[in-house]
Amino acid sequence: MIDYVVASPKDASYNCIAFAAGDTTRKWDPGMLPAPGYYWPSGALADDNDTIEALQSAFAQIGFESCGDGAVEVGWQKVALYAITADDWLHAAIQEPNGEWSSKLGNSYDIRHKSAKSIEGPLYGKVMCYMKK
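Residues numbered from 1 in each chain as written. Predicted model: local features only at pLDDT ≥ 70, side-chain atom pairs only at ≥ 80, totals over all residues. Heavy atoms only, no water.

## Here we look at the packing of aromatic side chains
Phase 1: The final tally for this structure, using the stated rule, is seven aromatic pairs.
Phase 2: A centroid spacing of 5.5 Å and a plane angle of 85° characterise the contact between phenylalanine 59 and phenylalanine 64, whose relative ring orientation is edge-to-face.
Phase 3: We classify phenylalanine 59 as buried; its relative accessible area is 0%.
Phase 4: Assessed through its relative accessible area of 4%, phenylalanine 64 is described here as buried.
Phase 5: Aromatic rings pair up to connect Trp28, Tyr39, Phe59 and Phe64 into one cluster.
Phase 6: Above the plane of the ring of tyrosine 14 lies lysine 104, whose end atom (NZ or CZ) is 4.4 Å from the centre. (Phe/Tyr/Trp six-rings, centres within 6.5 Å; stacked < 30°, edge-to-face > 60°. Buried < 20%, exposed > 50% of the residue type's maximum accessible area, 1.4 Å probe, protein only. Lys NZ or Arg CZ within 6 Å of the ring centre and 35° of its normal.)

## A few points about helix α2 (residues 52-60)
Phase 1: Across the nine residues of α2, seven count as buried, placing the element largely inside the fold.
Phase 2: Check the buried side of α2 and you find it contacts α1 (16-21), β2 (27-28), β4 (65-67), β5 (78-83), β6 (89-95) and β9 (126-132). (Helix = DSSP H or I, 4+ residues; strand = E, 2+ residues; numbered from the N terminus. Contact = heavy atoms within 4.5 Å.)

## Examining the nonpolar core
Most often, soluble globular proteins keep nonpolar side chains buried together rather than apart.
Phase 1: Counting 23 residues, the largest nonpolar core has Ile17, Trp40, Leu55, Phe59, Val79 and Leu81 as the members making the most contacts within it.
Phase 2: Listing elements by their share of this core, those giving two or more residues are α1, α2, β5, β6 and β9.
Phase 3: The element contributing the most residues to this core is α1, with six residues.
Phase 4: Counting 13 residues, the second-largest nonpolar core is a separate cluster that includes Tyr82, Tyr109, Ile119 and Tyr124. (Core = buried A, V, L, I, M, F, W, Y, C linked by side-chain atoms within 4.5 Å.)

## A closer look at the environment of aspartate 23
Phase 1: Counting through the fold element by element, aspartate 23 comes out in the loop between α1 and β2.
Phase 2: In sequence terms aspartate 23 and glycine 106 are 83 residues apart; their C-alpha atoms lie 14 Å from each other.
Phase 3: Residue contacts for aspartate 23: discarding those within four places in its chain leaves Tyr14, Ala18 and Trp28.
Phase 4: Within polar-contact distance, the side chain of aspartate 23 engages the side chain of tryptophan 28 at 3.0 Å. (Polar contact = N/O pair within 3.5 Å; in protein donor to acceptor, adjacent residues only side chain to side chain.)

## Some words on the sheet that holds strand β7 (residues 101-104)
Phase 1: Read from one edge of the open sheet, seven strands run β1-β8-β7-β6-β5-β9-β4, paired in antiparallel fashion. A strand with exactly one partner marks an edge of an open sheet, and here the two such strands are β1 (4-6) and β4. Taken pair by pair, the neighbouring strands of this sheet meet at an average axis angle of 35°, ignoring direction.
Phase 2: Bridge count between β1 and strand β8 (residues 110-113): three bridges; the pairing is antiparallel. Its bridge partner being in β8, tyrosine 4 is matched across the sheet by histidine 113. (Pairing = 2+ DSSP bridges. Axes fitted to C-alpha atoms, helices over the stretch in contact; angles between N-to-C directions.)

Given below as structure tokens:
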């Protein structure tokens, strides 16, 4: 069971990737383009778009770079990218200034959880990498 606190009302207009990127106006998913309400950064990998590399490239387009872990670094904002395997990204979370993490649960609400790893499991996979900006 995931230990979390609900941090927002339900909102189906954005997804976890958009939320971690700071965009609560649309869903980020290259596989759904050109459907209305979906977005993927120009310049991000779109071929084989469900790989961790494609997700990393999307975050790189908005200024994130790879980093070694999810430890708090003053002046840096971090994201954790999740997958079951490197060929199937599933989720993203963003670190809060106090070291806790926030995520968007599907079409539901945003949550706060103690660590990036606290939501690992069959639904979201495991943290495959961290990025910071």
